[in-house]
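Examination of the molecular architecture
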Amino acid sequence: MKSPSGTYAVFVTGIHEEAEDEDLFEAFSEYGNVVNMALNVDRRTGYAKGYALLEFSSRDEAAEAIEGMNETELLGKVLGVSWAFRNRPIKG
């Protein structure tokens with residue numbers, strides 16, 4: 001759902017350890033405007049930790065990326081793609 005920065009964030013898991021920003025950007029930009037991306041890398045090894053956060057400018061773009069990329073293969077590994085934030089129930 002909508003992130004604190006006003007964009008729509010998706011969480012990606014199952015990323016190959018040798019994946020780079022360009023790999024993710026190329027795959028996900030097919031679904032819309034990727035305005036920010038954080039691919040977490042192990043400082044010691046330099047390899048990706050297997051997860052990333054991508055932000056899209058619209059909800060529709062993010063939803064299309066989730067629908068289109070979830071359970072697809074990138075660099076030989078199957079990705080899991082979902083909303084990064086969930087709306088919390090209002091406590092009354």
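If you're wondering where the values come from, they're calculated on a predicted model, not measured in any experiment.

A closer look at helix 1 (residues 21–28)
Considered for burial, the residues of helix 1 that qualify are L24, A27 and F28. Taken down its axis, helix 1 places every buried residue within 85 degrees of arc, on the same side. Residues of helix 1 that are exposed and angled more than 90 degrees away from the buried face: E22 and E26. Structurally, helix 1 contributes buried residues whose contacts are with strand 1 (8–13), strand 2 (34–41), strand 3 (48–56), helix 2 (59–69), strand 4 (73–74) and strand 6 (80–83).

A look at the sheet that holds strand 3
What the four strands build is an open sheet, ordered 2-3-1-6; its pairing is antiparallel. Looking along the sheet, the strands with just one partner apiece sit at the ends: strand 2 and strand 6. Ignoring which end each strand starts from, the neighbouring axes of this sheet average 20 degrees apart. Pairing of strand 1 with strand 3 involves six bridges; the strand directions are antiparallel. When the bridges of strand 3 are listed, V10 appears paired with L54. Helix 1 rests against strand 1, strand 2, strand 3 and strand 6 of the sheet, and its axis sits at about 145 degrees to strand 2. Its contacts with the sheet put helix 2 on strand 1, strand 3 and strand 6, and the angle it makes with strand 6 is roughly 150 degrees.

The rules behind these values
- The numbers attached to residues start from 1 for each chain and follow its sequence in the written order.
- At least 70 in pLDDT is required for a residue's local features to be given in this predicted model, at least 80 for side-chain atom pairs to be given and counted, and no such filter applies to totals for whole chains, interfaces and linings, which use all residues.
- Processing note: side-chain calculations cover all non-hydrogen atoms of the structure and skip hydrogens and water entirely.
- Only protein chains enter the area calculation, which uses a 1.4 Å probe; residues under 20% of their type maximum are buried, those over 50% are exposed, and those in between are partly exposed.
- The helix count covers DSSP runs of H or I at least four residues long, the strand count covers runs of E at least two residues long, and both are numbered beginning at the N terminus.
- Throughout, the arc means that of the directions going from the helix axis to the C-beta atoms.
- Here, residues are in contact when the closest pair of their heavy atoms is within 4.5 Å.
- Pairing between strands requires that DSSP locate at least two bridges from one strand to the other.
- Axis lines are fitted to C-alpha atoms, over the contacting stretch for helices. Their N-to-C directions set the angle, which ranges from 0 to 180 degrees.

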